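Listed below, chain by chain, are the residues.
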Amino acid sequence: SMLQQSDYFVGHIGKWQYWNFMPEQLFDWAQIFEGYHWYPRGDKEIHGSTLARMHAVDFLKQRPKDKPFALSIAFYPPKAVNDHNNTPGGQWFPTNETRKLYDNV
């Protein structure tokens, strides 16, 4: 990429849909996950937004400190997941904290 040609360390986290290009071909560092709003992590599940944040911190810790960097994060959770639930809002799986914002709606 143009950034890598300018000596940037380039990373990507999250959703990836361009499978004719593998992330490893385009980025120096990548963590790809998509298709769900919740992911198993040890003995519990974490939200995709939390997983993206964790990977972003990992990227910042692992990147070369002597190079500029660029990181893109493609959040999957804003996209509906159709688990054959056609009720209004049935394809969305927010965190409890986010769900509380709509208690009075």
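Quick notes on the rules
Residues numbered from 1 in each chain as written. Predicted model: local features only at pLDDT ≥ 70, side-chain atom pairs only at ≥ 80, totals over all residues. Heavy atoms only, no water. Phe/Tyr/Trp six-rings, centres within 6.5 Å; stacked < 30°, edge-to-face > 60°. Helix = DSSP H or I, 4+ residues; strand = E, 2+ residues; numbered from the N terminus. Buried < 20%, exposed > 50% of the residue type's maximum accessible area, 1.4 Å probe, protein only. Salt bridge = Lys/Arg side-chain N within 4 Å of Asp/Glu carboxyl O. Expected span 1.5 Å × (residues − 1). Arc of directions from axis to C-beta. Contact = heavy atoms within 4.5 Å. Pairing = 2+ DSSP bridges. Axes fitted to C-alpha atoms, helices over the stretch in contact; angles between N-to-C directions.

Asker: What is the right way to read the packing of aromatic side chains from this model?
Answerer: When we look at a pair of aromatic rings, we describe it by the centre distance and by the angle of the planes. Under the criterion given, the structure shown has seven aromatic pairs. On the basis of an interplanar angle of 80° and a centroid distance of 5.5 Å, the ring pair of W16 and F27 is categorised as edge-to-face. Pair noted here: W16 is in the loop between strand 1 (9–14) and helix 2 (23–26) and F27 is in the loop between helix 2 and strand 2 (29–32), with a separation of 11 residues, a long-range link. The class for F27 is buried, based on a relative accessible area of 16%. Counting every residue linked through ring pairs, the aromatic cluster contains F9, W29, F59 and F69.

Asker: Which parts of the structure should I look at to understand the pattern of salt bridges?
Answerer: If the charged atoms of two oppositely charged side chains come close together, the side chains can form a pair. In this structure the tally under the stated criterion is one salt bridge. Close ionic contact of K67 with D7 constitutes a salt bridge, the shortest N to O distance being 3.4 Å. Residue K67 is located in the loop between helix 3 (48–62) and strand 5 (69–74), and its partner D7 is located in the loop between helix 1 (2–5) and strand 1; the two are separated by 60 residues in the primary sequence. Classification of D7 by relative accessible area gives partly exposed; the value is 44%.

Asker: I keep staring at helix 3 and nothing clicks. Help me out?
Answerer: The α-helix advances 3.6 residues per turn, and as a result positions three or four apart in sequence lie on the same side. With 15 residues, helix 3 should cover 21 Å at 1.5 Å per step; its first-to-last C-alpha distance of 21 Å lies within 8% of that length. Residues of helix 3 that are buried include every one of G48, L51, A52, H55, A56 and F59, and no others. Looking straight down helix 3, one finds that the buried residues subtend no more than 140° of arc, so they occupy a single side. Summarising the geometry of helix 3, the exposed residues directed more than 90 degrees from the buried face are R53 and K61. Elements that come into contact with the buried residues of helix 3 comprise strand 1, strand 2, strand 3 (38–41), strand 4 (44–47) and strand 5.

Asker: Explanation requested: the sheet that holds strand 1 in the structure shown.
Answerer: Strand pairing in a sheet relies on backbone hydrogen bonds, with the paired strands running either antiparallel or parallel. Pairing is parallel in the open sheet, where three strands are placed in the order 2-1-5. The sheet terminates laterally at strand 2 and strand 5, the two strands that pair on one side only. Strand-to-strand, the axes of this sheet are offset by a mean angle of 10°, without reference to chain direction. In the sheet, strand 1 pairs with strand 2 via four bridges, with the strands oriented parallel. Across the sheet, H12 pairs through a bridge with A30, a residue of strand 2.

Function cannot be inferred from these measures alone, as they are strictly geometric.
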